[in-house]
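Survey of secondary and tertiary structure
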Amino acid sequence: VVELGIDVRGTVAADRAAVVAALREDVARIAAARGLAADLQTTSDEAPVPLAPGLVATLERHARARGLRCRRMVSGSGHDAMQLARLCPAGLLMVPSRGGVSHNRAEWTDLADIVAGTQVLCDAALDLAGIETPGAE
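Structural notes, computed from the coordinates. (Residues numbered from 1 in each chain as written. Predicted model: local features only at pLDDT ≥ 70, side-chain atom pairs only at ≥ 80, totals over all residues. Heavy atoms only, no water.)

A short note on the overall build of the protein
Within the protein, the regular secondary structure consists of four helices and zero strands. Whereas a compact globule of 137 residues would reach a radius of gyration of roughly 14 Å, the protein reaches 20 Å, over 25% beyond that. Summarising its shape, the C-alpha atoms of the protein cover approximately 65 × 30 × 20 Å along the three principal directions. Put simply, the protein has 137 residues, and 15% of those count as buried. Put simply, 59% of the contacts in the protein that link residues at least 6 apart link residues at least 24 apart. For the protein, the computed accessible surface area is about 10,400 Å², with 56% contributed by carbon and sulfur atoms. Of note, the protein has its 14 positive side-chain charges centred 4 Å away from the centre of its 17 negative side-chain charges. (Helix = DSSP H or I, 4+ residues; strand = E, 2+ residues; numbered from the N terminus. Rg over C-alpha atoms; globule rule 2.2 N^0.38 Å. Buried < 20%, exposed > 50% of the residue type's maximum accessible area, 1.4 Å probe, protein only. Contact = heavy atoms within 4.5 Å. Areas by Shrake-Rupley, 256 points an atom, 1.4 Å probe, with all protein chains shown as cover. Lys, Arg positive; Asp, Glu negative; His and termini not counted. Charge placed at Lys NZ, Arg CZ, Asp CG, Glu CD.)

This is the structure we're talking about:
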């Protein structure tokens, strides 16, 4: 018995579905050719959720105001922001993990990066509340 997990991520549901369909076909073909049984189960299939462009821009502006390098990224993993975005405008701020490793036991984020991310979140929250923040543009 072999168990294998495959995490298919993407922001376009149709593209993800096409990848999953191709995987299912390949597994069925290989199993049949080798006389094996294969049982594929989908454990999660959440629809991609766009985040609020205004909140994303606010986070980015405050990161840059603090002299931090930043870039917009697509996250394929489920975060609380994904659930909140169904109810209200939501944004997501990520801080760097050493070596780019995340969602793994080896994940490590330096304290300085955690502090910087917290400061950006604080600046953005104050801005959204209409309170002037240091370094705001």
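Back to the text.
A word on the environment of Ile-131
Relative to the helices and strands, Ile-131 is located in the segment after helix 4 (111-128). With a relative accessible area of 45%, Ile-131 lands in the partly exposed category.

Notes on the packing of helix 2 (residues 53-65) against helix 4
Axis separation between helix 2 and helix 4 bottoms out at 9 Å; the angle between their running directions is 125°. As far as their axial angle goes, helix 4 and helix 2 are oblique. With respect to the hand of their crossing, helix 2 and helix 4 are arranged in right-handed fashion. Of the residues in helix 4, those in contact with Leu-55, Thr-58, Leu-59, Arg-61, His-62 and Ala-63 of helix 2 are Val-120, Leu-121, Asp-123, Ala-124, Asp-127 and Leu-128. Within the contact of helix 2 with helix 4, the residues separate by chemical class into seven nonpolar, two polar and three charged. (Axes fitted to C-alpha atoms, helices over the stretch in contact; angles between N-to-C directions. Parallel < 35°, antiparallel > 145°, perpendicular 65-115°, else oblique. Left-handed = near helix turned anticlockwise from the far one by under 90°. Nonpolar A, V, L, I, M, F, W, Y, C, P; charged D, E, K, R; others polar.)

Quick word on a nonpolar patch on the surface
On the surface, Leu-4, Ile-6, Val-19 and Leu-23 cluster together into a nonpolar patch covering about 380 Å² of accessible area. Looking at the secondary structure, you find Ile-6 in the segment before helix 1 (13-34). (Patch = residues over 30% accessible without salt bridge, like charges linked within 9 Å, V, L, I, M, F, W, Y side chains within 5 Å. Salt bridge = Lys/Arg side-chain N within 4 Å of Asp/Glu carboxyl O.)

What to know about unusual backbone geometry
Working note: non-glycine residues mostly have negative phi, and peptide bonds are mostly trans. Positive phi values are uncommon outside glycine, yet His-103 reaches one of about 50°. With respect to the element layout, His-103 can be found in the loop between helix 3 (80-84) and helix 4. Classification of His-103 as exposed rests on a relative accessible area of 53%.

So, helix 2
The first and last C-alpha atoms of helix 2 sit 18 Å apart over 13 residues, in line with the 18 Å expected at 1.5 Å per residue. Of the surrounding elements, those touching the buried residues of helix 2 are helix 4. Within two residues after helix 2, Gly-67 carries a phi angle of roughly 75°, on the positive side. (Expected span 1.5 Å × (residues − 1).)

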